[in-house]
Amino acid sequence: MYYIKTIVIGSYDANKELVKSTLELEPGLNIIYGPSNTGKSLIMECIDFMLGGDPSGGLQKKELDISYVQFILDVDGYSINMKRHIDSPDYEVVSTVPGIETGPYKTDKATKQKEAINTLWLSLMGIDSPVRIIQKIENAATQNLTVRTFYHFFVVNEERIVSKNSVLKSGVGYTKNIPTSAVTSLIYLESEKNYINPDAEPVLDSTTIEVKRKAAKTIVDRSVQALDEEDFLDIMLEDEETRKPEEIQNDINCLLEQISDAEDALKITSEQYENVSGQIIEYSDRISESQMIRNRYDALRSQYESDMRRLSFIAEADIHQDSLPKLEHCPFCNGELPKEKTESCIDAAIAEAERIEMRLKDLGSAAEAVLKEIIMLEKSRAQAISEQTRLQSVIRGQLKPQVNALKDQLVRYTAAFEKAKAKQMIKSFVTILNNELTRINQEDPDYEIKFDVREKIRAELTQPLETYLNDILQKANYENFKGARFDEESCDVVVNGSDKLAQGKGYRAFLNTVVALAIQEMLSDTGKHKTYLLAIDSPILPLREREEDIGTVKVSESMRGGLFQYMIDHQFNRQTIVFENEIPDLDYSSAHIIEFTKSETRGRYGLIDGYRD
């Protein structure tokens, strides 16, 4: 594997002093971001220039006055130092890589004195011998395989990222033609097939079978598009819902267990509440009974106290009896009255008073005991009321809301499960349609043709590219994604039955990036030869910098973040260089980040040292 380790740009400042501006890169994901006019696109122009292209854009800008571009490549620990002056087609190469010689190279065909730079780049991709590929469909004309034949699908510049064309096509403006040389180059990189030895001449005209295939493709696309109609909108999952039905079912099972536990806790707490409420009633009844007994004791005490006063009155009367005048003669007849012997009642009153006093004492002890019992019962009832209040608070403020919330969540999970199943069914249906279309496309025709590029696309590229396209689009959070296929006519992706032509710039940039990534993933996993490099300029088009036409649907933040997260997660086995004005808020700890700040006080101003826009 090779990667660009260092880019050096030699330029002259206002004093005609040579200034070397250096940019260090790493294997894996490199993200270079910052405001416009800081040199990000110039790096893409340098890559194109060192791949054999002509100087363009910033490389020819008079204010920059660039003299040369220099690359230092790391090739499995060895190095290649290549340098090219802006006004020259030649390269100066110093190599320590076995099999790649040091010396002068040139952009066009090799000579005895100079090797073509194309051979160096192809050698880095494992192609050491000249290769011929099919160039035209009509007569199966051939050409040499060069890196310029296919560089545009791994170096996607700012203009082509928003193009309506496929990244397999080098042009910016939309064209209907199949890019035969780019397709056959990709097939060769994937399988080393070049189809230079064609089979028999055509026996039958191919119109009939092509009409059949186009009709099948139309049916599939219209069927998938129908899934976007209003009747299906109510069963689509929300954008953020990415769980599979099995995952949602597991969540539902866990939720049911939580509901069961919460309901058990509610039941136990409710039983405790009922028990405490019963205790409060029992305490209240016992307090009422004790209070009634106490009232009876009070009434009895009053009666005893009244008896004591009566006895005191009798005793006092008896004491003062001798002081009263005594009649000796009858007031009527004046006769002498007999003298009666009277007995004293004091002793009897004292005895009765002692008995009543003992009863009062016993009654006081009993009343005190009843009062203590009332106090104890009231204390116990107060504690029970406090516990009742606590349990009621737990039931109303915690357990019932918890159960209700869990049941509401269960409703949402159940709805999500039903929607996920529906979405899975729709995806399965789309897969069946695409598989049927692939089967029809791969049917052996009733004729033989010399070279059919569409048949080669279907045989070699359609199935693997569709696999990667579907995987990337799903992981990159494509909105309402149901399925994608690779169309051999446009050599581009068709998502949810709609081609890229109907999309705005934001979606076109997103989809062109996805196609470029899918090509790289296919080559990385199964290709005989790999480019090991992917450079993309502005894949998510910041809205602040490039506003879409009014009414055009914008690419969501979820899709932007999903695309960058995919590149973070799949950065190995190649060097990926991404240029953007702004990047989503993600964890970039595993990537190499370079920020151009356009600030004199913070970080690096731009690519060219000392240059100010």
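Residues numbered from 1 in each chain as written. Predicted model: local features only at pLDDT ≥ 70, side-chain atom pairs only at ≥ 80, totals over all residues. Heavy atoms only, no water.

**Q** Can you tell me about the overall build of the protein chain, naming the residues and giving the values?
**A** Across its full length, the protein chain carries eleven helices and 17 strands. Of all 613 residues assigned to the protein chain, the portion counted as buried reaches 45%. When the accessible surface of the protein chain is summed, it comes to about 32700 Å², and 49% of that surface belongs to carbon and sulfur atoms. (Helix = DSSP H or I, 4+ residues; strand = E, 2+ residues; numbered from the N terminus. Buried < 20%, exposed > 50% of the residue type's maximum accessible area, 1.4 Å probe, protein only. Areas by Shrake-Rupley, 256 points an atom, 1.4 Å probe, with all protein chains shown as cover.)

**Q** Describe in detail the pattern of salt bridges, supporting the description with residues and values.
**A** This structure, assessed with the given rule, holds 19 salt bridges. With its nearest N and O atoms 2.6 Å apart, the salt bridge here joins Asp90 to Lys114. Of this pair, Asp90 sits in strand β6 (residues 90–95) while Lys114 sits in the loop between β7 (103–106) and β8 (115–116), placing them 24 residues apart in sequence. With its nearest N and O atoms 2.7 Å apart, the salt bridge here joins Arg612 to Glu600. Of this pair, Arg612 sits in the segment after β17 (592–595) while Glu600 sits in the segment after β17, placing them twelve residues apart in sequence. Look at Arg612 and you get partly exposed, because its relative accessible area is 36%. (Salt bridge = Lys/Arg side-chain N within 4 Å of Asp/Glu carboxyl O.)

**Q** For the confidence of the model for the protein chain, give the residues involved together with the corresponding values.
**A** Per-residue confidence for the protein chain gives a mean pLDDT of 84, with 83% of residues at or over 70. A low-confidence stretch, residues 198–206 (pLDDT under 50), is modelled with 15 contacts involving residues beyond four sequence positions or located in other chains. Segment residues 230–239 is flagged for pLDDT under 50; beyond a separation of four residues in sequence, or across chains, it makes 19 contacts in the model. (pLDDT = per-residue confidence, 0-100. Contact = heavy atoms within 4.5 Å.)

**Q** Which residues make up the nonpolar core, and what are the values?
**A** Grouped together as the largest cluster of nonpolar side chains are 112 residues, with contacts concentrated most on Ile47, Phe71, Ile80, Met82, Phe154, Leu473 and Phe510. The leading source of residues in this core is helix α10 (residues 505–526), at twelve residues. Those residues in contact with Ile47, other than ones at most four positions away along the chain, are Ile4, Phe71, Val155, Leu533, Ala535 and Ile577. Core analysis: the second largest hydrophobic core is formed by 25 residues, Ala262, Ile280, Ile287 and Leu406 among them. (Core = buried A, V, L, I, M, F, W, Y, C linked by side-chain atoms within 4.5 Å.)

**Q** Quick one: what's the story with the sheet that holds strand β3 (residues 28–33), residue by residue and with numbers?
**A** With parallel pairing, five strands are arranged side by side in an open sheet as β11-β15-β16-β3-β17. Both outer strands of the open sheet, β11 (155–156) and β17, are each paired with one neighbouring strand and no more. Where β3 and β17 come together, four bridges link them in parallel fashion. Each bridged residue has a counterpart across the sheet, and for Ile32 the counterpart in β17 is Ile594. This element, α10, spans β11 and β15 (533–537) of the sheet and lies at about 175° to β15. (Pairing = 2+ DSSP bridges. Axes fitted to C-alpha atoms, helices over the stretch in contact; angles between N-to-C directions.)

**Q** Describe the environment of Ser170, naming the residues involved and giving the relevant values.
**A** Checked against the element boundaries, Ser170 lands in the loop between β11 and α4 (180–191). Counting along the chain gives 20 residues from Ser170 to Phe150, while the straight-line C-alpha distance between them is 8.2 Å. Apart from the residues within four sequence positions on either side, Ser170 is in contact with His152 and Arg160.

**Q** How would you explain the packing of α10 against helix α11 (residues 557–569) if you had to name every residue and give the values?
**A** Put simply, α10 and α11 touch, their axes get as near as 12 Å, and they point 20° apart. Overall, the two elements α10 and α11 adopt an arrangement that is roughly parallel. The two elements α10 and α11 cross, and the hand of that crossing is left-handed. In this structure, α10 contributes Tyr507, Phe510, Thr513, Val514, Leu517 and Glu521 to the contact, and α11 contributes Met559, Leu563, Tyr566 and Met567. For the contact of α10 with α11, the class distribution of residues is eight nonpolar, one polar and one charged. (Parallel < 35°, antiparallel > 145°, perpendicular 65-115°, else oblique. Left-handed = near helix turned anticlockwise from the far one by under 90°. Nonpolar A, V, L, I, M, F, W, Y, C, P; charged D, E, K, R; others polar.)

**Q** Run through the side chain of Ser191, naming residues and quoting values.
**A** Considering the arrangement of structural elements, one finds Ser191 in helix α4. A relative accessible area of 18% means that Ser191 is categorised as buried. Leaving out residues up to four positions away in the same chain, Ser191 has contacts with Glu460 and Lys528.

**Q** Can you explain helix α2 (residues 117–124)? Please cite residues and give values.
**A** When you tally the buried positions in α2, you get seven out of eight residues, the bulk of the element. Taken residue by residue, α2 has Ile117, Asn118, Leu120, Trp121, Leu122, Ser123 and Leu124 as its buried positions. Following α2 by one or two positions, Gly126 adopts a phi angle in the positive range, close to 90°.

**Q** Explain the pairing of β7 residue by residue, including any values.
**A** Two faces make up the sheet, and in a regular strand the side chains alternate between them. Here β6 runs beside β7; their pairing, made up of four bridges, is antiparallel. Along β7, the bridge assignment pairs Val93 with Gly103. Where β7 and β8 come together, two bridges link them in parallel fashion. Looking at β8, one finds that Lys106 is bridged to Ala116.

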